[in-house]
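# Observations on chain architecture
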Amino acid sequence: MAILKIARMGHPVLLEKCRPVDDPTAPEIRRLVQDMFETMEDAPGAGLAALQVHVPLRLFVFRVLPTRSSGAPDDTVVGNTVVINPVVEPLGEEKHLRWEGCLSIPGLRAAVPRFRRVRYTGVDCDGRTVTAEVGGFHAGVVQHENDHLDGILYPMRMTDFRLMGFNEELSRAAESEARTGTAGGERAASPS
Ligand code: NI
């Protein structure tokens, strides 16, 4: 196991389009996935795409911790999960703004339009199908990671750049809003 170096925005690898994994059960893929789990936990983050650790293959890892799930029935809590050669499809047209961060854009977070509900399908390191229909945080993190596989970083999805800032400043603003009773809103994010 090893903690891998994460590419930061500006590194050209993050703009690459990833190629499919030929053999998801290959030992080197299992090793990569284990190292990605360790790297995600160390960061700590909610998700990590192989491209972010300089491997342009179509796979990502993620987790939905109980502290991050909205509690909605379809915002399923899951431990470390890998999805190899994923297909992500929106369920319905509805989008919402979701606060997110990215391990490749450290220190910042922003509100990004995402589909409320998606279905994802792929395989794991044993070649077994991984599929779920999810909403909330779970749906958001999957869309964020899947975007990485096509070289898309979250600022490229943004529609309102006023809703972006440094974590410390946004937390300070939220605390101040809470004190004065002005409308705040959810601004927490787990980078992925
Ligand atoms: Ni990311």
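This text goes with the structure placed above it.
Residues numbered from 1 in each chain as written. Predicted model: local features only at pLDDT ≥ 70, side-chain atom pairs only at ≥ 80, totals over all residues. Heavy atoms only, no water.

## Section: the overall build of the chain
Under the convention used in this document: Secondary structure follows DSSP: runs of H or I at least 4 residues long count as helices, runs of E at least 2 residues long count as strands, and numbering of each begins at the N terminus. Radius of gyration here is computed from C-alpha atoms only, and the compact-globule reference equals 2.2 Å multiplied by the residue count raised to the power 0.38. Classification of residues uses two cut-offs on accessible area relative to the type maximum, computed with a 1.4 Å probe and protein chains only: under 20% is buried, over 50% is exposed, and between them is partly exposed.
Within the chain one finds three helices and eight strands. Taken from N to C terminus, the helices and strands of the chain fall in the order α-β-β-β-β-β-β-β-α-β-α. For 192 residues, the compact-globule estimate of 2.2 N^0.38 gives 16 Å, and the chain sits close to it at 16 Å. If you line up the chain on its principal axes, its C-alpha atoms span 55 × 35 × 25 Å. Going through the 192 residues of the chain one by one, you find that 47% of them count as buried.

## Focus: the packing of aromatic side chains
The cut-off we apply is this: Only the six-membered ring of Trp is used, alongside the rings of Phe and Tyr, when aromatic pairs are assigned; centres must lie within 6.5 Å, and planes under 30 degrees apart are stacked while those over 60 apart are edge-to-face, with the rest tilted. Only Lys NZ and Arg CZ are tested; either one counts as a charge over a ring when it is within 6 Å of the ring centre and within 35 degrees of the ring normal.
Considering all chains together, one arrives at two aromatic pairs under this definition. Ring geometry for Phe-60 versus Phe-62: centroids 6.1 Å apart, planes at 55°, classification tilted. For Phe-60, a relative accessible area of 0% translates into the label buried. For the ring pair Phe-62 and Tyr-120, a centre distance of 5.9 Å and an interplane angle of 85° mean the geometry is edge-to-face. Placement of the pair is Phe-62 in strand β2 (residues 59-64) and Tyr-120 in strand β6 (residues 117-123), with a sequence separation of 58 residues. Neither Phe-62 nor Tyr-120 differs from the other in exposure class; each is buried. Linked through ring pairs, Phe-60, Phe-62 and Tyr-120 together constitute an aromatic cluster. The positively charged end of Arg-98 is found above the aromatic ring belonging to Phe-137, 5.0 Å away from the centroid.

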